[in-house]
Amino acid sequence: MTAASPRILLIDDDADLRQMYTLILGKAGVELDTAEDGITGLAKARRGGYDLILLDLLMPNLDGIGFLKGLKEEGPKTPNGPIVALSNAGYDVVAKEARTLGATGFLLKADLLPKDLVREVQRYAAKA
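Quick summary incoming for the structure in this document. Per chain, residues are indexed from 1 in the order of the written sequence. Two thresholds apply to this predicted model, a pLDDT of at least 70 for residue-level local features and 80 or more for giving and counting side-chain atom pairs, whereas whole-chain, interface and lining totals are computed over all residues. Computation of side-chain values covers all heavy atoms of the structure but excludes hydrogens and water.

### So, the pattern of salt bridges
For salt bridges, the criterion is a side-chain nitrogen of Lys or Arg within 4 Å of an Asp or Glu carboxyl oxygen. Under the defined criterion, the tally for this structure stands at 9 salt bridges. Close ionic contact of Glu-120 with Arg-123 constitutes a salt bridge, the shortest N to O distance being 2.7 Å. Here Glu-120 and its partner Arg-123 are both found in helix α5 (residues 114–125), 3 residues apart, which amounts to about one turn of the helix. For Arg-123, a relative accessible area of 40% puts it in the partly exposed group. One connected set of salt bridges, linked through shared partners, spans Asp-116, Arg-119, Glu-120 and Arg-123. Counting from the N terminus, the helices are the DSSP runs of H or I reaching at least four residues and the strands are the DSSP runs of E reaching at least two. Only protein chains enter the accessibility calculation, which uses a 1.4 Å probe; a residue is then buried when its area is under 20% of its type maximum, exposed when over 50%, and partly exposed in between.

### Looking at the sheet that holds strand β5 (residues 105–108)
With respect to topology, 5 strands assemble into an open sheet ordered β2-β1-β3-β4-β5, the strand pairing being parallel. Each edge of the open sheet is held by one strand with a lone partner, namely β2 (31–35) and β5. The mean angle between the axes of side-by-side strands here comes to 20 degrees, regardless of whether they run parallel or antiparallel. Where strand β1 (residues 7–11) and β2 come together, 5 bridges link them in parallel fashion. At least two bridges found by DSSP between two strands is the condition for calling them paired. With axes taken as lines fitted to C-alpha atoms, and helix axes fitted only over the stretch in contact, angles between N-to-C directions fall between 0 and 180 degrees.

### Overview of α5
For α5, built from 12 residues, the straight-helix expectation of 16 Å at 1.5 Å per residue is met to within 8% by its first-to-last C-alpha distance of 16 Å. Three or more residues of α5 are buried, namely Asp-116, Leu-117, Val-118, Glu-120, Val-121, Tyr-124 and Ala-125. Looking at the buried positions of α5, the neighbouring elements they touch are β1, α1 (15–27), β3 (52–56), β4 (83–87) and β5. For a helix, the expected span equals 1.5 Å multiplied by the residue count minus one. The contact definition used throughout considers only heavy atoms, calling two residues in contact when any of these lie within 4.5 Å.

### Quick notes on the environment of Leu-54
With respect to the secondary-structure elements, Leu-54 resides in strand β3. We classify Leu-54 as buried; its relative accessible area is 2%. Put simply, Leu-54 and Gly-64 are 10 residues apart on the chain and 10.0 Å apart in space, counted from C-alpha to C-alpha. Look past the residues within four positions of Leu-54 in its chain and what remains in contact with it is Ile-8, Leu-9, Leu-10, Ile-11, Val-84, Leu-86 and Val-121.

### Details of the environment of Val-118
Within the secondary structure, Val-118 is located in helix α5. Not counting chain neighbours up to four residues away, the residues in contact with Val-118 comprise Ile-24, Leu-25 and Ala-28.

### Notes on the packing of aromatic side chains
Two aromatic rings from Phe, Tyr or Trp, using only the six-membered ring of Trp, form a pair when their centres are within 6.5 Å; if the ring planes differ by under 30 degrees the pair is stacked, by over 60 it is edge-to-face, and anything between is tilted. Summed over the entire model, instances satisfying the criterion amount to 0 aromatic pairs. Criterion for a charge above a ring: Lys NZ or Arg CZ within 6 Å of the ring centre, and within 35 degrees of the ring normal. One cation-aromatic arrangement involves Arg-7 over Tyr-50; the distance from NZ or CZ to the ring centre is 4.2 Å. One cation-aromatic arrangement involves Arg-123 over Tyr-124; the distance from NZ or CZ to the ring centre is 4.5 Å.

### Regarding helix α3 (residues 64–73)
Burial of α3 is extensive: 7 of the 10 residues sit out of reach of the surface. By the burial criterion, the buried members of α3 are Gly-64, Ile-65, Gly-66, Phe-67, Leu-68, Gly-70 and Leu-71. Summarising the contacts, the buried residues of α3 are in contact with β1, α2 (38–47), β3, β4 and α4 (92–100). Polar contacts, as counted here, are pairs of nitrogen or oxygen atoms within 3.5 Å of one another; within protein the pair requires one atom able to donate a hydrogen and one able to accept it, and residues that are adjacent in sequence qualify only if both atoms are side-chain atoms. Measuring from the backbone nitrogen of Ile-65 back to the side-chain oxygen at the start of α3 gives 3.3 Å, which picks out Asp-63 as the cap.

As structure tokens, this is what we get:
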């Protein structure tokens, strides 16, 4: 984690989840940027400079796998930290493909209590 507040990009199509994560992580001193789909998220990730990217795997327009492929094809201007895939279901095949394409972790959204979310974000952001 950087000396300043970690800068995190959350890419998820669920507006309620984005709002909840913004509140939880904001209280923990995290600077959170959000994107409502993979297309918007990819544009932000290509600018770079994030300590961590939290990426939903199932989204309209461009899903998490498409995002990872797009980022691999055209990388960020400024390096990003780890990418952690998020899902509400344990899709082993999709999670494995996400790891193959560069995701360093996988978290089940349904299992994340606020304290767990903060702990996991701090753990992964520390690897940036």
